[in-house]
Amino acid sequence: MENSIWKKKWYDFAQEEALKIAAVLGSPRSQGNSSTLAHKFLETARELGAEVRVYPLNLMNFQGCQGCGACKANIETCIQEDDLAPVLEAVKAADVLVMASPVYFGDLSGQLKCFFDRTYSYFNPDFSSRLPGGKKAVIVLVQANPDEGQFNDIFPRYQRWLTWFGYTPVYLLRAVGVKDPGDIRQQAALLDQAASLAQEIMK
Ligand SMILES: Cc1cc2nc3c(=O)[nH]c(=O)nc-3n(C[C@H](O)[C@H](O)[C@H](O)COP(=O)(O)O)c2cc1C
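Note that this is a predicted model, so its numbers are computed, not measured.

Bringing the packing of helix 2 (residues 33–47) against helix 6 (residues 188–201) into the picture now. Interhelical geometry of helix 2 versus helix 6 gives an angle of 35° and a closest axis separation of 8 Å. For the crossing formed where helix 2 meets helix 6, the hand is right-handed. Contact residues: Leu37, Lys40, Phe41, Thr44 and Ala45 in helix 2; Leu190, Leu191, Ala194, Ala195, Leu197, Ala198, Gln199 and Ile201 in helix 6. Of the residues assigned to the contact of helix 2 with helix 6, the class counts are 10 nonpolar, 2 polar and 1 charged.

Put into structure tokens, the structure is as follows:
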């Protein structure tokens, strides 16, 4: 009963911060399948009290990692001062990272891959993580090919790096057989799964 809601004072509630979610969207199609699936998760989380920030990478002006090594030498962040700099800071501050992408040539879209390469700046020189612990991640992947056995290597590859950064667990929301924007709306069970995952994370 010590933690009972009835025993809390107003300032206890004031000190409770909302769960922060940062979502990076890798599709150039704003109404596309990956964005729609990600938004189902994000809208549910927002309704449950999360503070949600969404970053549509295709609308941003940034480059991939330049391999300059500055983040391993004299500074602890990426040296590039472009549109991605505040996104990298927001992801660092967030409790949950959402990465959504169409499958392009068996991998993430180029937009999301460029973002991911820039997270190299989250590594210390000894490749320990600069990120605070206790974070979770959600990877959203959609593909036209209806065969689940195709391109199922993408998730474990990126899960591995995210786990290294300290994200645990790393969840997957995956749609196969979706090609045109809106196709995902035919997969009601998957949209429900996105909402359920948000409920689980917000518990
Ligand atoms: C450049 C390009 C490459 C693609 N490569 C693949 C692929 O390797 N495998 C696949 O199943 N679908 C592939 N697709 C189809 C997209 O993954 C599919 O249309 C997806 O639903 C798009 O997601 P979005 O609506 O979020 O943009 C490709 C599409 C494009 C434009």
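This part takes up the site of the ligand. In the vicinity of the ligand, 19 residues are found, and the nearest of them are Gly32, Ser34, Pro102, Gln143 and Asn145. For the shell around the ligand, the leading source of residues is helix 2, giving 3 residues.

Right, let's talk about the nonpolar core for a bit. With 48 residues, the main nonpolar core has Leu37, Val98 and Val140 as its most contacted residues. The leading source of residues in this core is strand 4 (residues 135–142), at 6 residues. With residues near it in sequence (within four places) discarded, Leu37 still touches Ala100, Val140, Val142, Leu173, Ala175, Ile184, Leu190, Leu191 and Ala194.

Let's shift gears to the environment of Gly177. As for its position among the elements, Gly177 is in the loop between strand 5 (167–175) and helix 6. Residue classification places Gly177 among the partly exposed positions, given that 15 C-beta atoms sit within 10 Å. For Gly177 and Ala144, which are 33 residues apart along the polypeptide, the C-alpha to C-alpha distance reads 4.4 Å.

Cut-offs applied
- By convention here, each chain's residues receive numbers from 1 onward along its written sequence.
- This being a predicted model, a pLDDT of at least 70 is required before a residue's local features are given, and a value of 80 or more before pairs of side-chain atoms are given or counted; all residues contribute to the totals for chains, interfaces and linings.
- To get an axis, a line is fitted to the C-alpha atoms, and for a helix only the part in contact is used. The angle between two axes follows their N-to-C directions and goes from 0 to 180 degrees.
- Secondary structure follows DSSP: runs of H or I at least 4 residues long count as helices, runs of E at least 2 residues long count as strands, and numbering of each begins at the N terminus.
- Left-handed describes a crossing whose near helix is turned anticlockwise from the far helix by less than a right angle; the clockwise case is right-handed.
- Contact between two residues is assigned when their C-beta atoms, built from the backbone, lie within 7 Å.
- Residues are grouped as follows: Ala, Val, Leu, Ile, Met, Phe, Trp, Tyr, Cys and Pro are nonpolar; Asp, Glu, Lys and Arg are charged; every other residue, Gly included, is polar.
- Throughout this description, a residue near a molecule or strand is one whose C-beta atom, derived from the backbone, lies within 6 Å of it.
- In plain words, the nonpolar core is the set of buried Ala, Val, Leu, Ile, Met, Phe, Trp, Tyr and Cys residues that C-beta atoms within 7 Å link up.
- Three exposure classes are used. Buried residues have 20 or more other C-beta atoms within 10 Å of their own C-beta, exposed residues have 12 or fewer, and partly exposed residues fall in between, all C-beta atoms being placed from the backbone.

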